[in-house]
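Listed below, chain by chain, are the residues.
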Amino acid sequence: MRVVFMGTPAFAVPSLRKLAAAHDVALVLTRPDAVRSRGKKLEPSPVKEAALGLGLPVMEANRMTPEVLDALRAAEADIFCVAAYGCILPDEVLTMAPHGCVNVHASLLPRWRGAAPIQRSILEGDAETGVSIMRIGHGVDTGAYCAQASCPVPGKSADELTAELAELGGELLVSTLPAIADGSAVWTEQDESLVTHAAKIVKAELRLDPTVSAQSNERRVLASSDAAPARCIVAGKPVRIMRAAVASHAPCLTGGVCFMSDKRLSLACADDVLEVTSIKPDGKREMDAASFCAGIREETAGWGKLA
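Residues numbered from 1 in each chain as written. Predicted model: local features only at pLDDT ≥ 70, side-chain atom pairs only at ≥ 80, totals over all residues. Heavy atoms only, no water.

Caption draft 1: Here's a closer look at the overall build of the chain. A count of helices and strands for the chain gives eight helices and 16 strands. With the C-alpha coordinates of the chain rotated into their principal frame, the extents come out at 70 × 45 × 30 Å. Classification of the 307 residues of the chain by burial places 49% in the buried group. For the chain, the proportion of contacts with a sequence separation of at least 24, taken over those separated by at least 6, is 64%. Per element, the accessible surface of the chain, about 14,600 Å² overall, is 51% carbon and sulfur. In the chain, which carries 32 positive and 37 negative side-chain charges, the distance between the mean positions of the two groups comes to 8 Å. (Helix = DSSP H or I, 4+ residues; strand = E, 2+ residues; numbered from the N terminus. Buried < 20%, exposed > 50% of the residue type's maximum accessible area, 1.4 Å probe, protein only. Contact = heavy atoms within 4.5 Å. Areas by Shrake-Rupley, 256 points an atom, 1.4 Å probe, with all protein chains shown as cover. Lys, Arg positive; Asp, Glu negative; His and termini not counted. Charge placed at Lys NZ, Arg CZ, Asp CG, Glu CD.)

Caption draft 2: Focus on the pattern of salt bridges. All told, the structure shown has 14 salt bridges when counted by the stated rule. Of the charged contacts in the structure, one is a salt bridge between Lys18 and Glu167, with a shortest N-O distance of 3.2 Å. Taken together, the residues span a long stretch of sequence, with Lys18 in helix α1 (residues 13-22) and Glu167 in helix α6 (residues 158-182) at a distance of 149 residues. Taking relative accessible area as the criterion, Glu167 reaches 37% and is therefore assigned partly exposed. Residue Glu286 pairs with Arg243 through a salt bridge whose shortest N-O separation is 3.4 Å. Placement of the pair is Glu286 in the loop between β14 (273-281) and β15 (287-288) and Arg243 in strand β11 (residues 237-246), with a sequence separation of 43 residues. Overall, Arg243 belongs to the partly exposed group, its relative accessible area being 49%. (Salt bridge = Lys/Arg side-chain N within 4 Å of Asp/Glu carboxyl O.)

Caption draft 3: Structural detail: the layout of surface pockets. Taken as a whole, the second largest pocket spans an internal volume of roughly 210 Å³. The set of elements that each furnish at least two residues to the lining of the second largest pocket consists of β5 (101-105) and α6. Each residue belonging to the lining of the second largest pocket can be placed in one class, and the counts come to eight nonpolar, four polar and one charged. (1 Å grid on protein atoms, 1.4 Å probe; cavity = no way out; pocket = protein on both sides within 12 Å on 5 of 7 lines; lining within 4 Å. Points joined across faces, edges and corners; volume = space filled by probe spheres on them. Nonpolar A, V, L, I, M, F, W, Y, C, P; charged D, E, K, R; others polar.)

Caption draft 4: Geometry of the pairing of strand β10 (residues 231-234). Along β10, the buried face is formed by Cys232 and Val234; none of Arg231 and Ile233, which line the opposite face, is buried. Note that β10 and β11 share four bridges and pair antiparallel. By the bridge assignment for β11, Cys232 is matched with Val239. Turn length for the β10-β11 hairpin, with the two strands adjacent in sequence and antiparallel, is two residues, and the turn residue Ala235 shows positive phi of about 50 degrees. Examined bridge by bridge, β10 and strand β16 (residues 300-304) share two bridges and lie antiparallel to one another. Paired with Val234 across the bridge in β16 is Trp303. (Pairing = 2+ DSSP bridges.)

Below, the structure written as structure tokens:
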């Protein structure tokens, strides 16, 4: 099949690579170079880097201008495939290719429509999540889907789960395209009564809190990212908790107390203890719990939520 691919972040790269190995990718559309790290230098999107490495033609666009529409028509694609492109597509684009426009969405629709399906599945303690191959409609992730694949959620960080779902989505997309092309794909309309919305994560949601359960705080650590880190105050120091888990053998502590012993850092929560294994104090590098504890004289101290 002749395909136009639209995508921007790392999540979309496996879909592009798998499409390029199995089909003729006529054009890759991605968002323009942007400041993507702490520096001020413009950087290409992960999809642009991958496309150039594969020798594919690339066009950068953050909206559907007449020039972009002309390029899409000239590609003469059988189908448009989208994975986290980050741009609203008008009806003209959705109907331009003979087999339409399909999207790789990182959830088991109708659960988790919206901007942050992976983080929301972690925060809510979902047992599983997955990917859906769906039609793009006028609402946010409202289109019918024709294929889904699932994977377990517990214990995985947002980065780990994103990488797993990216691979799963690419495989599902490529395996589903023949059925879409020959008309044998079965499309399922979403049950509106089962819809949940994956709103964008805000920083305040991921601040650790001694008044909630240790499991809730563990999920905040797993769901965290550079954009919305899991932060708190430990022994008077503002820190980011990089890795932590509910302790299997924990000291008996009152919520809001932290215990530093045997090179371990334990944060007492409302019901149990969160054991920290990696931590990043503000203005310093990431370090293991033992290194952090070495700089604290007391065996016990307080910890709390950032204001």
